[in-house]
Structures are given as structure tokens and as C-alpha cells.
Amino acid sequence: QKEVEQNSGPLSVPEGAIASLNCTYSDRGSQSFFWYRQYSGKSPELIMFIYSNGDKEDGRFTAQLNKASQYVSLLIRDSQPSDSATYLCAVNRDDKIIFGKGTRLHILP
Amino acid sequence: DVKVTQSSRYLVKRTGEKVFLECVQDMDHENMFWYRQDPGLGLRLIYFSYDVKMKEKGDIPEGYSVSREKKERFSLILESASTNQTSMYLCASSPRGGEEVGSYEQYFGPGTRLTVT
């Protein structure tokens, strides 16, 4: 089982709709969870981090964590064409971070 | 804002050359990391460092070495570049983690796209 799994996509979402990105992880001992956005040819940019079960909101972004199900998600409300990118889920393994391979998101104008 | 800089955005080297990739961060972070990113393989950790003069192997250290002489600077060295080391190289830094969070968020530099011919 891969440590961090994401659907590679592409996930196509109409402009203005909610984009839902999902991630599962294998290590029950993981404590910190991250979402990064990566535009083509650019480096990953941190969007959000979450440490506790439940929801964490920041502007149009909401991260959701369910440790019992080993599941992390990212919701993007009012999706914009500029949200089109690859989204990387990342989970700590001790004091390192393990990255998923990312989900490509395409916002349809 | 955290700033991580890398010495080159693009680099072209010949097989067998020794290659130095430099990374500097300005946030006094204890931890620094080197990754490579390849299509279909995602981000893979090469080496990391928790402190000056300390280094730890990541998942794919073969063919690479590192140096951390100062807290803000972490160098990746390709002793004898090979074509299979053609890749995007990304440096990142983070504060030291703790018992409750394991690892804090990492901040990435702009990347160096290395081509070995």
C-alpha cells in the first residue's frame, strides 16, 4: 500500500462549483497533514496544513481530516480558472513529509 | 515571508561532470531537504539535514551527496552526473518538528531543472 494515495485525475470542475480533492494515507501514527498547489513548471506552494480531526477553513479552501478513516480532503469553493493546477497531499512520517503524486485539477470556464 | 532560493533555474551539464546545486533559506529553519521530481514518480526525497553538519539519507541517495556548513545553506552534489539524473531538483526548508505535530510545513525554492547530456 502506498503511503499517500491520490487519484491522479484530471478532475474537471465547472467554474464557480466546489472542487473536492481526496487523499488517503497508510501510517496511523501520522500527525500533520498538508495540501500543496503546484502549477506546471513551478515548485509546490503550501495552501493549508491541518493537525486535528475536523475541518479547517481558510478563505475559499477547507481542509478536512478524519484520522479514524485515514482520510484527508481539500474543498475549493467558488472554483476559479486560476485554481487549475496539480494538488499534492502530504503527510508526515516522523519528522519528514511524504508526498502523494498529486491530483490534476482543471477548472472549466 | 519564508524565502528559499536556489542557485540556478536551469542547468545543462555533461555526463561525468561534478554538479553543485545550492539552496539558501532566510527563515532560520533547522530542517532542510533536497527532492527530485519526475513525471509519474512524484516528489522523492534525496537527502535532508536537521542541523549544521548533519545529514540523513532520504529514499534515493545513490549518486548524490550533500553539505551543510551553515544553517541557512544546503548544497546538493552530483559527484559524477549521469543522464538518469536529469530532473527537476527542489530544495525545501521547515522549522524543526515536535512530538505533537511530527513535522511542520515545508517551504520550497523555485527549483532547478537539470539536464545531463
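Now for the overall build of chain B. For chain B, the helix and strand inventory stands at zero helices and eleven strands. Relative to a compact globule of 117 residues, whose C-alpha radius of gyration would be 13 Å, chain B shows 14 Å and is just as compact. Overall, the C-alpha framework of chain B stretches about 45 × 30 × 25 Å when taken along its three principal axes. Within chain B, the proportion of its 117 residues that are buried is 50%. Sequence-distant contacts in chain B: of pairs separated by 6 or more residues, those separated by 24 or more amount to 57%. By element, 49% of the accessible surface of chain B is carried by carbon and sulfur atoms, the whole surface being about 5,800 Å².

Next up on the list: the interface of chain B and chain A. Facing 26 residues of chain B, the contacting portion of chain A comprises 20 residues. When chain B packs against chain A, the two sides together hide about 1,800 Å² of surface, and 53% of this comes from carbon and sulfur. Our enumeration of links across chain B and chain A arrives at one salt bridge. Residues D59(B) and R93(A) are paired through a salt bridge, measuring 3.9 Å at the closest nitrogen-oxygen approach. Linking chain B with chain A are four residue pairs in polar contact (both at pLDDT 80 or more).

Before going further, it helps to examine the environment of G58(B). All names here are of chain B. Within the element layout of this structure, G58 appears in the loop between β6 (56-57) and β7 (64-70). For G58, a relative accessible area of 18% translates into the label buried. Note: C-alpha distance between G58 and I46 (twelve residues apart in sequence) is 4.7 Å.

Taking strand neighbours across the sheet as the criterion, the five strands line up as β1-β3-β8-β7-β6 (chain A) in an open arrangement whose pairing is antiparallel. Single-partner strands in this sheet number two, and they are β1 (4-5) and β6 (54-58) of chain A.

This next bit is on the pairing of strand β3 (residues 19-25) of chain A. All names here are of chain A. On β3, burial follows the alternation: A19, L21, C23 and Y25 on one face are buried, whereas S20, N22 and T24 on the facing-out side are not. Across two bridges, the pairing between β1 and β3 is antiparallel. Bridge pairing in β3 places E5 opposite T24. Of the strand pairs in this sheet, β3 and strand β8 (residues 71-76) are connected by six bridges, and their pairing is antiparallel. The residue bridging N22 from the neighbouring strand is S73, located in β8.

Residues and elements named next belong to chain A. One pass over the structure, following the stated rule, counts twelve salt bridges over all chains. Of the charged contacts, one joins R93 and E3 as a salt bridge, the two residues approaching to 2.9 Å between their closest N and O atoms. Of the two residues, R93 is situated in strand β9 (residues 85-93) and E3 in the segment before β1; the sequence distance between them amounts to 90 residues. The exposure class of E3 is partly exposed, given its relative accessible area of 30%. The partner of R60 in a salt bridge is D83, with the nearest N and O atoms 2.9 Å apart.

Take the side chain of Q6(A) next. Residue and element names in this part refer to chain A. Note that Q6 resides in the loop between β1 and β2 (11-14). Overall, Q6 belongs to the buried group, its relative accessible area being 16%. Of the polar contacts made by the side chain of Q6, one reaches the backbone nitrogen of C89; its length is 2.9 Å. When neighbours within four sequence positions are excluded, Q6 is seen to be in contact with N22, C23, W35, Y87, L88, C89, G100, K101, G102 and T103.

Conventions we followed
Residues numbered from 1 in each chain as written. Chains lettered and ligands numbered in written order. Predicted model: local features only at pLDDT ≥ 70, side-chain atom pairs only at ≥ 80, totals over all residues. Heavy atoms only, no water. Helix = DSSP H or I, 4+ residues; strand = E, 2+ residues; numbered from the N terminus. Rg over C-alpha atoms; globule rule 2.2 N^0.38 Å. Buried < 20%, exposed > 50% of the residue type's maximum accessible area, 1.4 Å probe, protein only. Contact = heavy atoms within 4.5 Å. Areas by Shrake-Rupley, 256 points an atom, 1.4 Å probe, with all protein chains shown as cover. Buried area = accessible area lost by both parts, 1.4 Å probe. Salt bridge = Lys/Arg side-chain N within 4 Å of Asp/Glu carboxyl O. Polar contact = N/O pair within 3.5 Å; in protein donor to acceptor, adjacent residues only side chain to side chain. Pairing = 2+ DSSP bridges.

The analysis is restricted to geometry; functional conclusions fall outside its scope.
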